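# What the coordinates show
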Amino acid sequence: EVQQNKKKSIWLYPNLILGVLALFCAEGTESITSYYIIPYGQSMGFSTQLSQHFVDYIIYIMLAGYVSGILFIPKYISQKNALAACSFLGMCFATGAIFTHGMLSVSCVLCMGFCNALNWPCIWPLAINGLGGYIKTASAMLIMAIAGDALLPIFYAQLNEWFHLKAGIGLILILYAVIFYYAVYGHKL
């Protein structure tokens, strides 16, 4: 259902602008869960040595997500449905991490790795749909969303310092909610 390029400015494509925001948020969820899994494990009472193993676990879980994406998207499940499911699961895992402690809370953060793995291949095609001659510029804008990888972990750490250990997980919950909005509604605009 690719539409022809009819608008006079790239800024008139809400599916792209919201897609850039969704990808910015997705980069944040991925980097926060990956970079901060060791300190998060330590805060849940695990030793540094044991917490370092959580990095391996989240990488394996993300790898399972990547393989699942290759096998099932879009052949068996559409990008929008996969993105909606993964962002909803991400919100569930974030909520679980907030309201539990110890290994259960760490497991919730680890499981977010699966959800994070499917964001890029789902958001990108939805964001460039119908852009016609603007696809090159749109692709550059989407690549700039990688800035979420640099900015959002800083905000996460600051929230934890200002408020409470779980405040940063609240940020992850909000980021997943933005992605969920895009999957369900924003990509259609």
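Definitions and limits used
Residues numbered from 1 in each chain as written. Predicted model: local features only at pLDDT ≥ 70, side-chain atom pairs only at ≥ 80, totals over all residues. Heavy atoms only, no water. Core = buried A, V, L, I, M, F, W, Y, C linked by side-chain atoms within 4.5 Å. Buried < 20%, exposed > 50% of the residue type's maximum accessible area, 1.4 Å probe, protein only. Helix = DSSP H or I, 4+ residues; strand = E, 2+ residues; numbered from the N terminus. Contact = heavy atoms within 4.5 Å. Axes fitted to C-alpha atoms, helices over the stretch in contact; angles between N-to-C directions. Parallel < 35°, antiparallel > 145°, perpendicular 65-115°, else oblique. Left-handed = near helix turned anticlockwise from the far one by under 90°. Nonpolar A, V, L, I, M, F, W, Y, C, P; charged D, E, K, R; others polar.

### With respect to the nonpolar core
Among the nonpolar cores identified, the biggest contains 52 residues, and L16, Y40, L83, V106, I123, I169 and I172 are the most heavily contacted of them. Here the element with the most residues in this core is helix α9 (residues 167-184); it accounts for eight residues. The contacts of I169, once residues within four sequence positions are left out, are Y40, A94, A97, I98, V109 and Y156.

### Considering the packing of helix α4 (residues 79-99) against helix α6 (residues 119-128)
Following both chains from N to C, one finds α4 and α6 inclined at 135°, their axes separated by 9 Å at the closest point. In terms of their interaxial angle, α4 and α6 are classed as oblique. In this structure, the crossing between α4 and α6 has a hand that is left-handed. For the pair α4 and α6, the contacting residues are Q79, K80, A82 and L83 in the first and N119, P121, C122, I123, P125 and L126 in the second. Looking at the contact of α4 with α6, its residues break down into seven nonpolar, two polar and one charged.

Any link to function would need more than the numbers given here.
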